[in-house]
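Inside the fold
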Amino acid sequence: MIAVLQFDSVSLSLLETLLSKGLLPTLDGLRRRGSWMTLETPATYLEGSAFHSLYTGTHAAEHGVYYPWMWSAGEQRVRFMEDFAIPPVVWERLTAAGLRSLIIDPYEIRAPRTINGIYLGGWQFTNRVVMRSSSIPPSTMRALRRDLGMPRRAEEIYGRPYMPELMRLR
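All of these numbers come straight from a predicted model, not from anything done at the bench.

1. Structural notes on the overall build of the chain
Counting its regular elements, the chain contains seven helices and seven strands. What you see in the chain, going N to C, is helices and strands ordered as α-α-α-α-β-β-α-β-β-β-β-α-β-α. Across its three principal axes, the chain shows a C-alpha extent of roughly 55 × 50 × 40 Å. Intrachain contacts of the chain at a sequence separation of at least 6 include 36% that bridge at least 24 residues. When the accessible surface of the chain is summed, it comes to about 12,000 Å², and 57% of that surface belongs to carbon and sulfur atoms. Looking at charge distribution, the chain has the averaged site of its 20 positive side-chain charges lying 7 Å from that of its 16 negative ones.

Take a look at the structure:
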């Protein structure tokens, strides 16, 4: 089994403190049984390309996605990132090989059309641009909403932030 837990913008010192105090026993158990590594960003200048690089195993120059809205030179207009083709992501490759995947809340990536396993996006929170709510099978999201309630919305403002919204996101 391979388990990849991705923490975006985590405070490593806080995480280490919580682990050392025994406040995250499940994560500590996984860490002790597996390998723990910190990744450097593959996207020094195009930060928005990091997630696509992680999921596809390719560099930004190959997958070409660096922001939710990108310029389409052929059409001379801005298009949404999902309108651009990308190399197969890891769970698509695993499905093609007949292996199963459990994917929970991958950030800034389109939902797969099919998967051998479970795909769940927008469970912890939803965002109309980068974390839309979807699941395969669809019954997974319905069951979680029934049992645990709706995920919270976390909308970011691209531009000047509004202080009450920043406080709510906190």
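2. Focus: a nonpolar patch on the surface
A contiguous nonpolar patch, built from Y45, L46, Y66, Y67, W69, W71 and V78 and spanning about 760 Å² of accessible area, is present on the exposed surface. The residue V78 is located in strand β2 (residues 77–80) in this model. Looking at V78, the relative accessible area reads 47%, which means it is partly exposed.

3. As for unusual backbone geometry
Of note, the bond from I136 into P137 is cis; its omega dihedral lies within 30 degrees of zero at 0 degrees. Locating P137 in the fold gives a position in the loop between β6 (134–136) and α6 (138–148). Phi at Q76 takes a positive value of approximately 55 degrees, unusual for a residue other than glycine. As for its placement among the helices and strands, Q76 is situated in the loop between β1 (69–72) and β2. Notably, E108 is not glycine yet its phi reads approximately 55 degrees, a positive angle. Among the structural elements, E108 can be located in the loop between β3 (101–104) and β4 (117–121).

Definitions and cut-offs
- Residues numbered from 1 in each chain as written.
- Predicted model: local features only at pLDDT ≥ 70, side-chain atom pairs only at ≥ 80, totals over all residues.
- Heavy atoms only, no water.
- Helix = DSSP H or I, 4+ residues; strand = E, 2+ residues; numbered from the N terminus.
- Contact = heavy atoms within 4.5 Å.
- Areas by Shrake-Rupley, 256 points an atom, 1.4 Å probe, with all protein chains shown as cover.
- Lys, Arg positive; Asp, Glu negative; His and termini not counted.
- Charge placed at Lys NZ, Arg CZ, Asp CG, Glu CD.
- Patch = residues over 30% accessible without salt bridge, like charges linked within 9 Å, V, L, I, M, F, W, Y side chains within 5 Å.
- Salt bridge = Lys/Arg side-chain N within 4 Å of Asp/Glu carboxyl O.
- Buried < 20%, exposed > 50% of the residue type's maximum accessible area, 1.4 Å probe, protein only.

Function cannot be inferred from these measures alone, as they are strictly geometric.
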